[in-house]
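# Secondary and tertiary structure notes
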Amino acid sequence: MPETASTTRAPDALLASLTPLLHAWLPRQRWFAGKGRRVTGFTLDAATELLPLDGTGPGLLHLLVRVEQPGRPAGTPADCYQLLLGVRPQLPPRLAPALIGRLRQGPLAGRAVYEGLRDPRLAGLLYERLRSPGRTGPLRFHATAPLPPALAPRMLDAEQSNSSLVYGDSFILKIFRRVSPGANPDLELPLALAGAGCERVPAPVAWFETGAATLGVLQPYLRGSRDGWRLALDALADGREFTAEARQLGRATAEVHLALAGALPTERLRRDRAAHLAAAMDARLHAAAKAVPALLPYVPGLRAVLAAAGDATGTGPLQRIHGDLHLGQTLRGSDGAWAVIDFEGEPAKSLDERRSPQPPVRDIAGMLRSFDYAARTHRPWNAEWAARCRAAYCTGYAEAAGTDPRDHPALLHAYETDKAVYEVVYEARHRPDWLPVPMAAIQRLAGPR
Ligand SMILES: Nc1ncnc2c1ncn2[C@@H]1O[C@H](COP(=O)(O)OP(=O)(O)O)[C@@H](O)[C@H]1O
Ligand SMILES: O=P(O)(O)O[C@H]1O[C@H](CO)[C@@H](O[C@H]2O[C@H](CO)[C@@H](O)[C@H](O)[C@H]2O)[C@H](O)[C@H]1O
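Residues numbered from 1 in each chain as written. Chains lettered and ligands numbered in written order. Predicted model: local features only at pLDDT ≥ 70, side-chain atom pairs only at ≥ 80, totals over all residues. Heavy atoms only, no water.

### Topic: the overall build of the protein
What counts, and what does not: Secondary structure counts use DSSP, requiring at least four H or I residues in a row for a helix and at least two E residues in a row for a strand, with both numbered from the N terminus. Throughout, radius of gyration means the C-alpha value; the globule benchmark is 2.2 Å times the number of residues raised to the power 0.38. In this scheme, a residue with accessible area under 20% of its type's maximum is buried, one over 50% is exposed, and one in between is partly exposed, where area comes from a 1.4 Å probe on protein chains only. Any two residues having at least one pair of non-hydrogen atoms within 4.5 Å are treated as being in contact. Where accessible areas are quoted, they stem from the Shrake-Rupley method and a 1.4 Å probe; at the residue level, only the protein chains shown are allowed to cover. Neither His nor the chain ends contribute to the count of charged residues, in which Lys and Arg are positive and Asp and Glu negative. Just so you know, the charge point we use is NZ for Lys, CZ for Arg, CG for Asp and CD for Glu.
What the protein contains, in helices and strands, is twelve helices and 16 strands. Taken against the 2.2 N^0.38 rule, which gives 22 Å for 449 residues, the C-alpha radius of gyration of the protein at 23 Å falls within 12% of a compact globule. The buried share among the 449 residues of the protein stands at 53%. Considering only contacts within the protein whose residues lie at least 6 apart along the sequence, 67% involve residues at least 24 apart. Surface accessibility of the protein: about 19200 Å² in total, with carbon and sulfur atoms responsible for 55%. Charge centroids of the protein, computed over 54 positive and 45 negative side chains, lie 4 Å from each other.

Written out as structure tokens, the structure is:
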């Protein structure tokens, strides 16, 4: 498809009219990463009309908006978010829950602005755009193979860091919400794994980007699969073991690690790099204790545990990893095979940090924490259930990778601690009711005070 110049006219006037609506709506979105800090203003990086706004039918406006908030470290840009806004003269009743507000000024005054992804007509248009590679204004669309036409869209209602649309139960499109310059690992790693013939990860079939940042990825939808978190909770509720599944999951993790190490550059873990990793954990702990003072009494005990990462040399090379592995990032198909999804890494970390080679034990620690999470959210608490899952997972990993993470217990503890610290901040920001879950781990990992 030839390039179509669809950058919106009068972007400043448009932003001025949208500003009051965004002030009220954006901070309430689950995917808004700047929670707890005031929003002081917006600036536009790009505004693209994927469907004209001034017609009698719906318009689709693609925005990359920077959100100004106080407390940003000097020299770092404001966070940039991707928005897909529907604009209609009248909003049909079925779209009422998607309403963001009505424009009060400017040439489009009176029109309703709404979450465009909730409108099947606009979500369908986005899919059709992905089917025909090419450019629209600053947006570039790519596809690896021809895609079937006209698949009915539905937006997922999962509590997510991004937003996803399922098309006809055949494909799932993830729209990244906070976007940063650089290849998003959620496109980069699945593409590399597909190239390496690893079948544990759904291979991207289309994506769009700006040349600087990845904006969305379309992958096959694993119909009939269930995620590991749900399956683990069901097993707990039914009083069932989950060790066979955990062991298979350990194998799947090892296969993904081996494929990533084969497909992308690795680094030898030298003493200075290990010291740097330990210092970064220490810095994260201090930042976390500042953000969540409940951590403060545990800081001395936790620091001692984290220091072990400084002696990590001799535990294998650094490599690209998943970066935020937990049960919710795994899907078990009807054939019993595990798949791994969402290679974006921890949403709060910078893209550079998420793309840097890491010890694979970080992922293992993430999954071990997840078994603990599942057991902790179930009543009565069943610590032994989690311990058996954790052991089975490590056994499975060792069978496929040839190295057992339990051979380096101090390192494993350090990474579990780092993950639990991350979780404390994550829960305090996003789900305060869940804070006791990682705090229980913090108490255990910090040892007696
Ligand atoms: N390929 C897929 N097949 C089936 N379901 C999927 C697939 N990819 C993601 N999902 C579902 O979508 C949800 C959100 O996807 P995820 O990549 O974890 O997004 P986020 O980064 O926003 O958390 C997952 O919990 C999963 O249930
Ligand atoms: O899936 P995301 O990339 O959005 O990851 C974030 O949200 C997760 C919660 O949805 C969070 O995971 C934590 O809670 C899970 C249970 O809901 C648990 O299985 C994980 O072990 C625990 O870390 C994840 O940390 C966060 O980055």
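That shown, we press on.
### Here's the deal with the state of the cysteines
Going by this rule: Disulfides are defined as cysteine sulfur pairs within 2.5 Å.
Across all of its chains, the model carries zero disulfides by this definition. In this model Cys389 remains outside any disulfide bridge; the closest cysteine sulfur is found in Cys394, 11 Å from its own.

### So, the UniProt feature "domain: Maltokinase N-terminal cap" (unreviewed entry) in the protein
Spelled out, the test is: UniProt positions are given in the numbering used here, feature names are shortened, and annotations may be inferred rather than shown by experiment.
According to UniProt, the feature "domain: Maltokinase N-terminal cap" (unreviewed entry) maps to residues 25-119 in the numbering used here. Within residues 25-119, the helical portion is 1% and the strand portion 41%, while the C-alpha atoms at the span's ends are 17 Å from each other.

### So, the pairing of strand 3 (residues 79-88)
In plain terms, the rule: For two strands to be treated as a pair, DSSP must find no fewer than two bridges joining them.
Of all ten residues making up strand 3, nine are buried, and the element is well covered by its neighbours. Where strand 2 (residues 59-68) lies against strand 3, nine bridges are found, and the strand directions are antiparallel. Each bridged residue has a counterpart across the sheet, and for Arg66 the counterpart in strand 3 is Cys80. Summarising the sheet, strand 3 and strand 11 (residues 178-179) pair through two bridges and their orientation is antiparallel. Pairing of Tyr81 across the sheet is with Arg178, part of strand 11. Here four bridges tie strand 3 to strand 5 (residues 112-115), and the two strands are oriented antiparallel to one another. Looking across to strand 5, one finds that Arg88 is bridged to Ala112.

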